[in-house]
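Here is how the chains run, residue by residue.
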Amino acid sequence: MIERLITTLHTLAAPAERQLHRLPPHVAHADELARDFEDAYRLVCDCPQVELSAAQRAALERVEARLDALRDHPDAALWTEKALRSAPAWAATRRAAADALAALGAPDAAAPDSSAPSA
């Protein structure tokens, strides 16, 4: 379960072009990023075998708060691919996800995508 959360955070912390590459082309990309995180986060929170420190939980809550702020914003344009690429709110969400990865002790989110073809 924690592995799924870490994978989701890696995608959420990645640059927009990498996010778009990692998700299927037929989905609403921004919405899928948010849903994937929420699903993985809820699983971890509901699992008694996973013990998160207060710092880890706080970092994950900051990601959740960023996504909630996006969801609650009246401008639906924040959920477009253009916004994913350029909106400051999405950049802040990426930073929060990277901070959560660091709190979890996960490898650097900027590491090369292992699913990308090698040159």
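So, how was this worked out
All residue numbers refer to positions counted from 1 along the written sequence of the respective chain. For this predicted model, a pLDDT threshold of at least 70 governs which residues receive local features, and a threshold of 80 or more governs which side-chain atom pairs are given and counted, while totals over whole chains, interfaces and linings are taken from all residues. The basis for every side-chain value is the complete set of heavy atoms in the structure, and neither hydrogens nor water enter the calculation. Counting from the N terminus, the helices are the DSSP runs of H or I reaching at least four residues and the strands are the DSSP runs of E reaching at least two. Burial classes follow relative accessibility: with a 1.4 Å probe on protein chains only, a residue under 20% of its type's maximum area counts as buried, one over 50% as exposed, and anything between as partly exposed. Contacts are assigned to residue pairs with any non-hydrogen atoms lying within 4.5 Å of each other. pLDDT expresses, on a scale from 0 to 100, how confident the predictor is about each individual residue. A helix is expected to span 1.5 Å for every residue after the first.

1. Some thoughts on the overall build of the protein chain
Okay, step 1: Within the protein chain, the secondary structure is distributed over 6 helices and 0 strands.
Okay, step 2: N-terminal to C-terminal, the α/β element order of the protein chain is α-α-α-α-α-α.
Okay, step 3: Counting over 119 residues, the protein chain shows a buried share of 40%.
Okay, step 4: Taking as baseline every contact in the protein chain between residues at least 6 positions apart, the subset at least 24 positions apart corresponds to 70%.

2. Thoughts on the environment of Trp-90
Okay, step 1: In this fold, Trp-90 is placed in helix H6 (residues 88–104).
Okay, step 2: Not counting chain neighbours up to four residues away, the residues in contact with Trp-90 comprise Leu-12, Ala-30, Leu-33, Leu-67, Leu-70, Leu-78, Trp-79, Ala-83 and Leu-84.

3. Observations concerning the side chain of Thr-93
Okay, step 1: Mapped onto the fold, Thr-93 is located in helix H6.
Okay, step 2: Once residues within four sequence positions are removed from consideration, Thr-93 is found in contact with Leu-12, Arg-66, Leu-67 and Leu-70.

4. Focus on the confidence of the model for the protein chain
Okay, step 1: On average, residues of the protein chain carry a pLDDT of 86, and 89% of them reach 70 or more.
Okay, step 2: Below a pLDDT of 50 lies the segment residues 111–119, which in the model reaches 4 contacts outside its immediate sequence neighbourhood of four places, other chains included.

5. What to know about helix H4 (residues 54–72)
Okay, step 1: Counted at 1.5 Å a residue, the expected span for H4 with its 19 residues is 27 Å, and the 26 Å between its end C-alpha atoms agrees.
Okay, step 2: Buried residues along H4 sit against helix H1 (2–13), helix H3 (29–46) and H6.

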